[in-house]
Amino acid sequence: MRPWEKTEINERGNMTFAGCDLVELAKEYGTPLYVLDEQAVRKVCRGFVGCFERTGAKGRVYYASKALSTAAIYKIAAQEGLGADVVSGGELYTALSAGFPAENIELHGNNKTLPEIEMALRAGVHALVVDSHEEIGLIDSAAASLGVTACVSLRVKPGVEAHTHEYVMTGIDDCKFGLGIDDGEALRAVREIASCKNLKLVGLHCHIGSQIFELEPFLIAADRMVEFAASVRETCGIAVEEINMGGGYGIMYTEADAPMEPYDYLEQLLTRLLARCKEAGLDGMRFAVEPGRSIVGEAGLTLYTVGTVKHIPNVRTYVSVDGGMGDNPRQILYGSLYTARLANKRNEPVGESGAVAGRFCESGDILIKEAPLPRCEAGDTLAVFSTGAYNYAMASNYNRVPIPAMVLCREGESALIVRRQTYEQLVENDLVAPWLEDDKA
Ligand SMILES: *Cc1c(COP(=O)(O)O)cnc(C)c1O
């Protein structure tokens, strides 16, 4: 079912989501407002974990927390038995402060800083995912000075091209992430890691892209990863314990998107990995995946209040809302498409399509170019769907607009999980150079 079809209409004619009246939420918490459906998040987590149980595969689901990194989401992920993948000191700090168990965290990044590496080693994370030759020496010496052995995984490029937006294609050779299997760089890195006293190679990792709808690229990548694990064992005598296949399962943003259920991808992927490992004599291999978007994407929506409605005769109607590229930069970054509904006019017939325009000072700040909506007027509550992933996570203070609040909804109950940023917080870090104090030029 599409996310906008999962909503219901209550006796007031308002749209409800996770049992909460969206118009009431907008009134209570203000707009723009990120809204997250807790049960929807849990359902996907359970679906993924269930795939391991059904296929008999050993391993773990890591929540790719760059999709949405807040204390509450780490709590939910931990309660559902997921690990977490973090890509920065900030995400690691957020996870640890939320009480997320360090041993279930892995640290990613193509250019981790020394303080980030040290922070991860001190915390005792499950693994640091090595992404370059330079990093091997850096992690080894950091581990030596802390007196620990660093468990590392190696990110490789299986050379798979997934049909998705160019910016999120990461499995191909011309990509800043990972080391190539085909050009021998990955094997060279394995040897380098093996020669380091303070490193232990525990796994191999790949991530072939994001918002992928086809199953085939995942299966091809799985074959390549098992082949590579086998050649690492043959040529270096190292038996890696874990193959991590990354994330990337597509979700529904518009009517045109028709992905499989996210757990269907995983079930078939695990089945393939198990079969290939068996053929290669790599029994006992553990598997990991790192879904991000598919866990939180469809579980979130954003509420806006309609302000000005500008009819340009014979051209277009612009319906402006109180948010835009500051809270959702995906449209301006990738040309991403979204679906919107008026939460207070759910029963009214759809009229001509108009553009949903943001409030930011860029003509490109258009959330939706053509949204079929009922007649809009100032004060309407507009819901934009599938904004749970890479929206709050990518939000900015462009135009010095505060970052919106986020509420978690569960069966009609709601609670704030991110406070709305205040104007005071916006100027908190501003300083005036001493020579500017004197108000003369
Ligand atoms: C972004 C990313 C993910 C998550 O991708 P989704 O498309 O959100 O599932 C997983 N692993 C790595 C290494 C990533 O960079």
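Rules used in this analysis
- Residues numbered from 1 in each chain as written.
- Predicted model: local features only at pLDDT ≥ 70, side-chain atom pairs only at ≥ 80, totals over all residues.
- Heavy atoms only, no water.
- Helix = DSSP H or I, 4+ residues; strand = E, 2+ residues; numbered from the N terminus.
- Rg over C-alpha atoms; globule rule 2.2 N^0.38 Å.
- Buried < 20%, exposed > 50% of the residue type's maximum accessible area, 1.4 Å probe, protein only.
- Contact = heavy atoms within 4.5 Å.
- Areas by Shrake-Rupley, 256 points an atom, 1.4 Å probe, with all protein chains shown as cover.
- Lys, Arg positive; Asp, Glu negative; His and termini not counted.
- Charge placed at Lys NZ, Arg CZ, Asp CG, Glu CD.
- Pairing = 2+ DSSP bridges.
- Domains from an automatic or database assignment.
- Buried area = accessible area lost by both parts, 1.4 Å probe.
- Near = heavy atom within 4 Å.
- Polar contact = N/O pair within 3.5 Å; in protein donor to acceptor, adjacent residues only side chain to side chain.
- Nonpolar A, V, L, I, M, F, W, Y, C, P; charged D, E, K, R; others polar.
- Expected span 1.5 Å × (residues − 1).

Counting secondary structure elements, the chain contains 12 helices and 21 strands. Taken over the C-alpha trace, the chain has a radius of gyration of 23 Å; the compact-globule value for 441 residues is 22 Å, and the two agree within 12%. Overall size of the chain, expressed as C-alpha extent along the three principal axes, is 70 × 65 × 40 Å. Looking at the 441 residues of the chain, the share that counts as buried comes to 56%. A separation of at least 24 residues holds for 71% of the contacts in the chain among residues at least 6 apart in sequence. About 19400 Å² of surface is accessible on the chain, with carbon and sulfur atoms providing 50% of the total. One finds the centroid of the 42 positive side-chain charges in the chain at a distance of 2 Å from the centroid of its 61 negative side-chain charges.

Two pairing modes exist for strands in a sheet, parallel and antiparallel, and in both the strands are linked by backbone hydrogen bonds. Here we have three strands laid out as an open sheet, ordered β1-β2-β3, and antiparallel in their pairing. On the outer flanks of this sheet lie β1 (8-9) and β3 (20-21), each paired with one strand and no other. Bridge count for strand β2 (residues 15-17) against β3 is two bridges, and the pairing is antiparallel. Counterpart to phenylalanine 17 in the pairing with β3 is cysteine 20.

Take the domain arrangement of the chain next. The domains assigned to the chain are domain 1 (3-37 + 297-427) and domain 2 (108-291). Using only C-alpha atoms to locate each centre, domain 1 and domain 2 end up separated by 36 Å. Every contact between the two is made by 13 residues of domain 1 and, on the other side, eight residues of domain 2. Carbon and sulfur atoms make up 56% of the surface buried where domain 1 meets domain 2, a total of about 960 Å² over both sides.

Right, let's get into the site of the ligand. Every one of the 15 residues lining the ligand counts as a neighbour, but Lys66, Ser210, Glu290, Arg293 and Tyr390 are closest to it. One of the side-chain nitrogen or oxygen atoms of lysine 66 is found 2.8 Å away from an oxygen atom of the ligand. Contact between the ligand and serine 210: an oxygen atom at 2.3 Å from a side-chain N or O atom of the residue. A per-class count over the shell around the ligand returns three nonpolar, seven polar and five charged.

So, about helix α2 (residues 38-55). Three or four residues apart is the spacing at which side chains of an α-helix point the same way, because the helix has 3.6 residues per turn. The end-to-end C-alpha distance of α2, which contains 18 residues, comes to 26 Å, matching closely the 26 Å that a straight helix rising 1.5 Å per residue would cover. Two to three positions downstream of the cap, the backbone nitrogen of glutamine 39 sits 3.1 Å from a side-chain oxygen, assigning the N-cap of α2 to aspartate 37. Directly beyond the C-terminal end of α2, a positive phi value near 80 degrees is found at glycine 56.

Here we take up the pairing of strand β5 (residues 58-64). With four bridges connecting them, β5 and strand β13 (residues 286-289) associate as parallel partners. Paired with valine 61 across the bridge in β13 is valine 289. Bridge analysis of β5 against strand β6 (residues 83-86) gives three bridges, and the strand direction is parallel. Across the sheet, alanine 64 pairs through a bridge with aspartate 85, a residue of β6.

What follows deals with the side chain of asparagine 328. Mapped onto the elements of the fold, asparagine 328 is located in the loop between β15 (316-321) and α11 (330-334). The buried category is assigned to asparagine 328, whose relative accessible area is 1%.

A cis amide bond, omega -10 degrees, links threonine 31 with the succeeding residue proline 32. As for its placement among the helices and strands, proline 32 is situated in the loop between α1 (22-29) and β4 (33-37). For alanine 18, which is not a glycine, the phi torsion comes out positive at approximately 50 degrees. Within the secondary structure layout, alanine 18 lies in the loop between β2 and β3. Not every positive phi belongs to a glycine, and glutamine 211 is a case in point at roughly 55 degrees. Among the structural elements, glutamine 211 can be located in the loop between β11 (199-205) and α8 (216-236). For glutamine 211, a relative accessible area of 15% translates into the label buried.

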